[in-house]
2 protein chains.
Amino acid sequence: MSNRSQSSERTRASAPAERATIGLVAKTAGVSRATVSRVMNGNPRVAPELAQRVRLAAEELGYAPSPVARSLALGRTGIIAMLVPDLGNPMFQGVLHGLTDAAAKENYRLLVADSNENLHEEPVLATEARRRCDGLVLCAPRMPDEQLLELTPQLEPFVLINRELPETSTPSLTIDFAAGIRDLVTHLLSLGHRRLAYLAGPDTSASNRARVRALHKAAQDTFELVEVACGATFADGHAVADQLTDLNVTAVVAYNDLVAFGTLSRLHELGINVPSQMSIVGFDDIPFVRYTTPPLTTASVPMDQLGPQAWQRLWALMNGEAPEKNVRVRPRLEVRGSTGPAPR
Amino acid sequence: MSNRSQSSERTRASAPAERATIGLVAKTAGVSRATVSRVMNGNPRVAPELAQRVRLAAEELGYAPSPVARSLALGRTGIIAMLVPDLGNPMFQGVLHGLTDAAAKENYRLLVADSNENLHEEPVLATEARRRCDGLVLCAPRMPDEQLLELTPQLEPFVLINRELPETSTPSLTIDFAAGIRDLVTHLLSLGHRRLAYLAGPDTSASNRARVRALHKAAQDTFELVEVACGATFADGHAVADQLTDLNVTAVVAYNDLVAFGTLSRLHELGINVPSQMSIVGFDDIPFVRYTTPPLTTASVPMDQLGPQAWQRLWALMNGEAPEKNVRVRPRLEVRGSTGPAPR
DNA sequence: CAGAACTCTGAGAGCGGTTACTCATCTTCT
DNA sequence: AGAAGATGAGTAACCGCTCTCAGAGTTCTG
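Residues numbered from 1 in each chain as written. Chains lettered and ligands numbered in written order. Predicted model: local features only at pLDDT ≥ 70, side-chain atom pairs only at ≥ 80, totals over all residues.

An unreviewed UniProt entry annotates chain A as LacI family transcriptional regulator of Phytoactinopolyspora halotolerans.

Written out as C-alpha cells, the structure reads:
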C-alpha cells in the first residue's frame, strides 16, 4: 500500500508497463507463487504441463523476476563491484577486462564505480557499492591507511589492488614497482646514462613513493637523480617537459606511461630528438604506447593477470575459504625505441 | 528461517561480522523499527533524546541500512547505469564523467557495465543492469534495431547515446557524423587532396555506416574514394597501414582516432612522413591525440556535453516528465599537424 | 489391498527496510 | 476544567521473491 501510492505517483506519465510480479504470473497461470519461482529457477521437479503454463503466462505478461527482491531474499546479488580512481587511465582496463571474464565464468557480473580521483567521495562510494553487491575489488591508491583500515569491516569481503594494508589479512595484489624501476634504471645505465630525471607522480600516491624509494636506492653513487614534481596525466607530462632542457639530464624516468607520452610529445615539439638527444621511459605499458613515435620503452605490468587473480581471491572469500596468498607481480622490461645511448 | 540456514552455511568461515539489521538496532535502543527507520532517514519528528539513543545503538552495532532492502521497499535504488561497448575507448570517459557528475547532483550514483564488445551478451547485460537500478544510459552501436526495439519495454526509462531508434520516443543523443566527415573532407580537399582512403570501422556499426554514407555523398565527382576494411582499434589501424602504400592515395580518413593513431604509428615505421607524404585524420578527438606525433587532425566530438544532456533526459523520464528533444551534437574540426598539402 | 515411499504443489514465514494508520500523551483554547 | 488539536511512537502491512514444511495424490511393496 505504502509504495503503491508512491510508485503510481512517480510513474504517472512514464513507466508505460507496470511490471508484472511473481504474484500476477501465479494468478494468471493458476498456480502458487512458489511454483512460479521454481519454474523461473529451472527447478526440475515441476510437472511439465504446469511449467509450460507458467512459462506461457510469464511470457505473455513480459515477466522477469526482480533482481532486487531476489537479492534480498537470497542474501546475495550475483554482482561484484570494482572501484577505480580514474577510468581514464588505461591501466585499469586490463584488470577490468580480466575481472569481468573471470567473474562471468561463475555467473557473476561486474559493475564499475569511478571515483574520478575524488578522494573525499571514495569511502562513501566504496561502502555503498560494496553493500549493493557481494564483493569488492578496491583500487584506491591514495586513501590513507588508517581510513582504509577503518573501512575494512564494511568492505569485506574485498580485495586490494595496487596496495597492501598492513596488519590485516585482506588479500592484495601488488606490483613490484621497485623491481620495475631497477630494470629500467639498469637499462638506462647500460646505455651510458648517468644523470636522470624522475617525473614524480602525485605524492599522495603510494606507488609513487615506492618508485621514488627504489630510485634513490639505485642512485647510490651510481648516477645522479633529479626529481621533478609532475603528476599522472598526459597534460602533466606535456607541461613538465620544458623544465627538462635546463636539467642537463640525458634520460627521463616518468611516473607512468601517460606522463611519458605527454613528455615525449612536448620534446618532439621542442625539437629534441628521442632517443638520440634524450631517452625516456614510462611505466605500465598501457595498450597504445607501443604505437607512439618512437614506441615507448617501459616496464610492462601484466595487467591481464590481475583480474583473474583478484577474482580467485574474492571468490574464495565469498565462500568462506582462505584466499591464496598475496602476489606481487613483477613488471617486465619492454625495450622499445624511446631509449638509446646517452649522447656524449 | 529459509535463508538463515543457507546464509550461515555460506558464510561459515568468512563474514566475520554478521551485519546488524534494523531490528537489532531497534531492540538495542529499545524502540520500534519504525523509529529507527525515521532516525536513519533524518525524519525530524522524533524526540531528540530517542533519536540520540538510536544513533548510539546504530553506531555501536556498526549498523548501516541495507541498500537492497531499501531499494525494494522504496521501489527505487538511487542508481543509474550506463552500458558501454568498450571501456577501453576513451570516447566514453567524457560521457561517463559528465554523467557521474550530473547524476551526483541529484544524489544518484552511476554504475558502469562493460559489454566488452560482446554482442551476444549485450541484451542480457543491459536488461540486468537496468533492472537493478532506476534508469539506463545505453550505448550499443552494434545492436540491431529490431533487437533494441524488442528490448525497449524492459529498458525503460533509458536514453540512447550515439544512435537513434526509429518509431520510438526514446530520447537519444547523437553525433552528427555526416557534418564531421564533411568538415574533414572539405579540409582535405582544400589542401589539394583528390584521392582519399577511408579506413572503415566495423560494418555492423551504425556510426560507420553514417560515415560511409557521408563520404560517398561528398565524393560525388569531387574526389576519389577508396574504402578499406579496417576496424576500431589501435591494432586494426596499425595493421591496415601497409595496404595504404599501394592505393596511391594522399590522405586517409580513419574510422576513429584510435585507428588513425595506429595507422600513424605504422606509417612512421614505414618511413612515410605525415603529413608531407600522407595526410591523416581521425574522428572523436579523444584526450591524447593532441599529443601524437604529429598531433592528429580530427573531428572533435564534445563528449562533455553528452553526459549532462543524458542525465537531464533520464531524470525527466524517471519523474514522468517529457524529456527535452533529442540533440545531435556537431563535431568541430580540429586542425592539427597530421594534415598538410597534398604531395605533387 | 493397506501402508510405505515418493512426487508435486501450496501455504506461509522470512529477507530488511518503509510508511499509512492508530493510539496515547501533551498542549492549548474556550 | 473539558474538548479539540498536535505530536510522537508503535503496529502491521507491504515491496517481490525464495524456501522450508506439510499435505495431497501416486506408485511401490509385501
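## Some remarks on the interface of chain B and chain A
As a reminder of what qualifies: Residue pairs qualify as contacts under a 7 Å threshold applied to their C-beta atoms, which are placed from the backbone. Labels follow the DSSP assignment, with helices taken as runs of H or I lasting at least four residues and strands as runs of E lasting at least two, numbered in each case from the N terminus. Throughout, the ten residues Ala, Val, Leu, Ile, Met, Phe, Trp, Tyr, Cys and Pro are labelled nonpolar, Asp, Glu, Lys and Arg are labelled charged, and all others, Gly among them, are labelled polar.
With 52 residues of chain B in contact, the opposing surface of chain A contributes 53 residues. Sorting the residues of the side of chain B that touches chain A by element identifies α1 (2-10), α5 (67-74), α6 (91-105), β2 (109-114), α7 (122-131), α8 (145-155), α11 (234-244) and α12 (257-269) of chain B as the ones contributing at least two each. Per-element tally for the side of chain B that touches chain A: the top contributor is α5 of chain B, with 6 residues. Broken down by class, the residue content of the side of chain B that touches chain A amounts to 23 nonpolar, 20 polar and 9 charged.

## A short note on the environment of Arg266 of chain B
Residues and elements named next belong to chain B. Under the convention used in this document: Residue burial is a threshold on neighbouring C-beta atoms within 10 Å of the residue's own C-beta, all placed from the backbone, with 20 or more meaning buried, 12 or fewer meaning exposed, and counts in between meaning partly exposed.
Within the fold, Arg266 resides in helix α12. By C-beta crowding, Arg266 is classed as partly exposed, having 19 other C-beta atoms within 10 Å. Residues Arg266 and Val240, spaced 26 residues apart in sequence, show a C-alpha to C-alpha distance of 8.6 Å. Setting aside chain neighbours within four positions, we find Arg266 in contact with His238, Ala241 and Asp242.

## Side note on the relation of the copies chain B and chain A
Basically, it comes down to this: Here the copies are superposed with least squares, the fitted atoms being C-alpha atoms of residues at a pLDDT of at least 70 in both.
Turning chain B through 180° and shifting it by 0.2 Å along the axis lays it on chain A, with an RMSD of 0.2 Å. Between the two chains, the operation in question is that of a two-fold axis. Across chain B, the smallest distance between a C-alpha and the rotation axis is recorded for Val112 of chain B, namely 2.4 Å. Interface overlap between copies: 98% of the residues of chain B at the interface are likewise at the interface in chain A, consistent with a symmetric, same-surface contact.

## A few points about the sheet that holds strand β10 (residues 297-300) of chain A
Residue and element names in this part refer to chain A. Selection criterion: Whether two strands pair comes down to DSSP finding at least two bridges between them. Axes, fitted as lines to C-alpha atoms, cover a helix only where it is in contact. Angles between the N-to-C directions of the axes lie from 0 to 180 degrees.
Taken in spatial order, the 6 strands line up as β7-β6-β8-β9-β10-β12 in an open sheet, and their pairing is mixed. Edge positions in the open sheet fall to β7 (224-229) and β12 (332-334), since each of these has one partner strand only. Direction aside, the axes of adjacent strands within the sheet are offset by 20° on average. Inspection of the sheet shows strand β6 (residues 195-200) paired to β7 by 6 bridges, in the parallel sense. Bridging from a neighbouring strand, Arg195 pairs with Glu224 of β7. Helix α11 (residues 234-244) rests against β6, β7 and β8 (251-254) of the sheet, and its axis sits at about 150° to β6.

## Side note on the sheet that holds strand β6 (residues 195-200) of chain B
The pairing of strands in a sheet happens through backbone hydrogen bonds and is either parallel or antiparallel. Residues and elements named next belong to chain B. An order of β7-β6-β8-β9 is seen for the 4 strands of this open sheet, with the pairing classed as parallel. Since the sheet does not close on itself, it has two edges, and those belong to β7 (224-229) and β9 (279-281), each with one partner. The average undirected angle you get between the axes of adjacent strands in this sheet is 20°.

## A word on the packing of helix α2 (residues 22-29) of chain B against helix α4 (residues 48-61) of chain B
In helix packing, the relevant descriptors are the interaxial angle and the interaxial distance, both defined with respect to the helix axes. All names here are of chain B. To be explicit about the condition: Any angle that falls under 35 degrees is termed roughly parallel, while one over 145 is termed roughly antiparallel, one within 65 to 115 roughly perpendicular, and all others oblique. By convention the crossing between two helices is left-handed if the near helix lies anticlockwise of the far one by an angle smaller than a right angle, and right-handed if it lies clockwise.
Direction vectors running N to C along α2 and α4 enclose 125°, while the axes themselves pass 9 Å from each other. The pairing of α2 with α4 is recorded here as oblique in orientation. Crossing of α2 over α4 shows right-handed handedness. Between α2 and α4, the residues in contact are Leu24, Val25, Thr28 and Ala29 and Arg53, Val54, Ala57, Ala58 and Leu61, respectively. Across the contact of α2 with α4, the residue classes break down as 7 nonpolar, 1 polar and 1 charged.

## With respect to the pairing of strand β4 (residues 158-161) of chain B
Residue and element names in this part refer to chain B. In β4, alternate side chains face the same way, and those of Phe158 and Leu160 on one face and Val159 and Ile161 on the other are all buried. By the bridge criterion, 3 bridges tie strand β3 (residues 135-138) to β4 in an arrangement that is parallel. Each residue of the ladder has a partner; that of Leu136, found in β4, is Phe158. Where β4 and strand β5 (residues 172-175) come together, 2 bridges link them in parallel fashion. Paired with Leu160 across the two strands is Ser172, which belongs to β5.

## Here we look at helix α3 (residues 33-40) of chain B
All names here are of chain B. Here is the rule we go by: Of all possible arcs, the one meant is that of the directions from the helix axis to the C-beta atoms.
Inspection of α3 places Thr35, Val36 and Val39 among the buried residues, and these make up the whole buried set. With its buried residues spanning 100° around the axis, α3 presents them on a single face. For α3, the secondary structure elements touched by its buried residues are α2 and α4.

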